Amino acid sequence: MRRLAEEIVQFLLNQGFVIVSTLDKDGNLHSSCKGIVKIEPRGLVYLLDLYRGRTHDNLKRNPHISITAVDEHKFMGYCLKGKAKLLPESEVRSQ
């Protein structure tokens, strides 16, 4: 896990949402908008998935994920790539 620069943490926190991309069972890309709950500079990003639909199912099969955020007015953005871990609700509430 790589540490996130403070500039990236602040950029992500200032966005209304991020685009999360996962791979479906056939290896096709699936993208969905998610809200950021929390970011830890050590490299952990906590996302909220209210519906537990395709993104949730995809991550159960394959944890590889990318998180993309853009500021269309400044024409800049970031894409973080890594592996996700699904947390049970009980563990999230204790955070």
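Everything here concerns the structure above.
A brief look at the structure comes next. These figures come from a predicted structure and were not determined experimentally.

## Focus: the pairing of strand S1 (residues 18–23)
Right, so step 1: The sheet contact formed by S1 and strand S2 (residues 29–40) spans 6 bridges and is antiparallel. Looking across to S2, one finds that Thr-22 is bridged to His-30.
Right, so step 2: Two strands pair when backbone bridges link them, and S1 and strand S4 (residues 64–71) are joined in this way by 3 bridges, in the antiparallel orientation. In the strand pairing of S4, Ile-19 is matched with Thr-68.

## Notes on the nonpolar core
Right, so step 1: Counting 14 residues, the largest nonpolar core has Leu-4, Ile-8, Leu-12, Val-18, Ile-67 and Leu-80 as the members making the most contacts within it.
Right, so step 2: Listed by contribution, the elements that provide at least two residues to this core are helix H1 (6–13), S1, S4 and strand S5 (76–83).
Right, so step 3: If one sorts the elements of this core by residue count, H1 sits on top with 4 residues.

Rules used in this analysis
- Residues numbered from 1 in each chain as written.
- Predicted model: local features only at pLDDT ≥ 70, side-chain atom pairs only at ≥ 80, totals over all residues.
- Heavy atoms only, no water.
- Pairing = 2+ DSSP bridges.
- Helix = DSSP H or I, 4+ residues; strand = E, 2+ residues; numbered from the N terminus.
- Core = buried A, V, L, I, M, F, W, Y, C linked by side-chain atoms within 4.5 Å.
- Buried < 20%, exposed > 50% of the residue type's maximum accessible area, 1.4 Å probe, protein only.

These figures capture arrangement, not role.
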